[in-house]
Amino acid sequence: MGDRCWLEVNLRESDLNRLGRIFGAPPFDEIDESESHVTGFIGEINYGGLREREEMAQAKIPFHGSHGAGGEYPECVFASFDGKMTAVPSIERMPVITVNEEDLNPVEGVGPPTRHVSDQVARIRRYYDLLKKVNAAFDEDLPVTTV
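Nothing here was measured: the structure is a model prediction, and the numbers come from that model.

S.K.: How do you make sense of the overall build of the protein chain when you look at a structure like this?
M.R.: Counting its regular elements, the protein chain contains 4 helices and 7 strands. If you list the helices and strands of the protein chain from N to C, you get β-α-β-β-α-β-β-β-β-α-α. In the protein chain, which comprises 147 residues, the share counted as buried stands at 41%. In the protein chain, the proportion of contacts linking residues at least 24 apart, taken out of those at least 6 apart, comes to 62%.

S.K.: Is there a simple way to think about the packing of aromatic side chains in this case?
M.R.: Following the criterion strictly, the structure yields 5 aromatic pairs and no others. For the ring pair Phe23 and Phe28, a centre distance of 5.4 Å and an interplane angle of 45° mean the geometry is tilted. Their ring planes at 55° and their centres at 6.3 Å tell us that Tyr47 and Tyr73 sit as a pair that is tilted. Highlighted residues: Tyr47 in the loop between β3 (38–46) and α2 (50–58) and Tyr73 in the loop between β4 (63–67) and β5 (76–81), separated in sequence by 26 residues. In this structure Tyr47 comes out as partly exposed when scored by relative accessible area, which is 40%. The ring of Phe78 carries the charged tip of Arg53 above its face, separated from the ring centre by 4.5 Å.

S.K.: What is the right way to look at α2 in this model?
M.R.: Three- or four-residue spacings in an α-helix give side chains the same orientation, since the helix completes a turn every 3.6 residues. Residues of α2 that are buried include every one of Glu52, Arg53, Met56 and Ala57, and no others. Looking down the long axis of α2, one finds its buried residues gathered within 140° of arc, a one-sided arrangement. Lys60 occupies a position one or two residues after α2 and carries a positive phi of about 60°.

S.K.: Got a minute to help me understand unusual backbone geometry in this structure?
M.R.: What you tend to see is this: most non-glycine residues have negative phi, and most peptide bonds are trans. Even without being glycine, Lys60 reaches a positive phi, approximately 60°. By the secondary structure assignment, Lys60 is in the loop between α2 and β4.

S.K.: What should I look at first to understand the side chain of Glu8 in this one?
M.R.: Mapped onto the fold, Glu8 is located in strand β1 (residues 4–11). Not counting chain neighbours up to four residues away, the residues in contact with Glu8 comprise Thr39, Gly40, Phe41, His64, Gly65, Ser66, Phe78 and Arg93.

S.K.: Explanation requested: the pattern of salt bridges in the structure shown.
M.R.: Opposite charge on two side chains makes pairing possible when the charged atoms of those side chains draw close. The full count for this structure, using the stated rule, is 8 salt bridges. Linking Glu8 and Arg93 is a salt bridge whose minimum nitrogen-to-oxygen distance equals 3.5 Å. Linking Glu8 in strand β1 with Arg93 in the loop between β6 (84–91) and β7 (94–95), this pair joins segments that are 85 residues apart in sequence. A salt bridge links Glu52 to Arg51, with the nearest nitrogen and oxygen atoms 2.9 Å apart. Look at Arg51 and you get partly exposed, because its relative accessible area is 46%. Connected via shared salt-bridge partners are Arg12, Asp15 and Arg18.

What counts and how
- Residues numbered from 1 in each chain as written.
- Predicted model: local features only at pLDDT ≥ 70, side-chain atom pairs only at ≥ 80, totals over all residues.
- Heavy atoms only, no water.
- Helix = DSSP H or I, 4+ residues; strand = E, 2+ residues; numbered from the N terminus.
- Buried < 20%, exposed > 50% of the residue type's maximum accessible area, 1.4 Å probe, protein only.
- Contact = heavy atoms within 4.5 Å.
- Phe/Tyr/Trp six-rings, centres within 6.5 Å; stacked < 30°, edge-to-face > 60°.
- Lys NZ or Arg CZ within 6 Å of the ring centre and 35° of its normal.
- Arc of directions from axis to C-beta.
- Salt bridge = Lys/Arg side-chain N within 4 Å of Asp/Glu carboxyl O.

Have a look at this one:
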């Protein structure tokens, strides 16, 4: 069975037919449509749909979304464009930075005290960069691959 949670994915309507081999048919429990994209929802999926999201990214389907927390992972937001995907922890679909005790009380001489935090900031920047590209693809129905 696995560690299950909900999954919400936003993608172009024109990419829906490509999901059958990834998610099975039908790919989503519910689908909402907007002018620029569709939002698919799955009530229970293993590990936040990681395998399926990786396959969508590999197929160069532009998408973004979120998934709930499971027993082994936090709630996350994610985005993928042109085969590049990133996911970051979130609360109510907003990216967050986690801080551990070592970040607050760095040990002198053991390297930069904020590496853990700065790595997370870099991932959040990557997320927003990919999100911007995905939303542009939705609005302009851009080709999947960029030059």
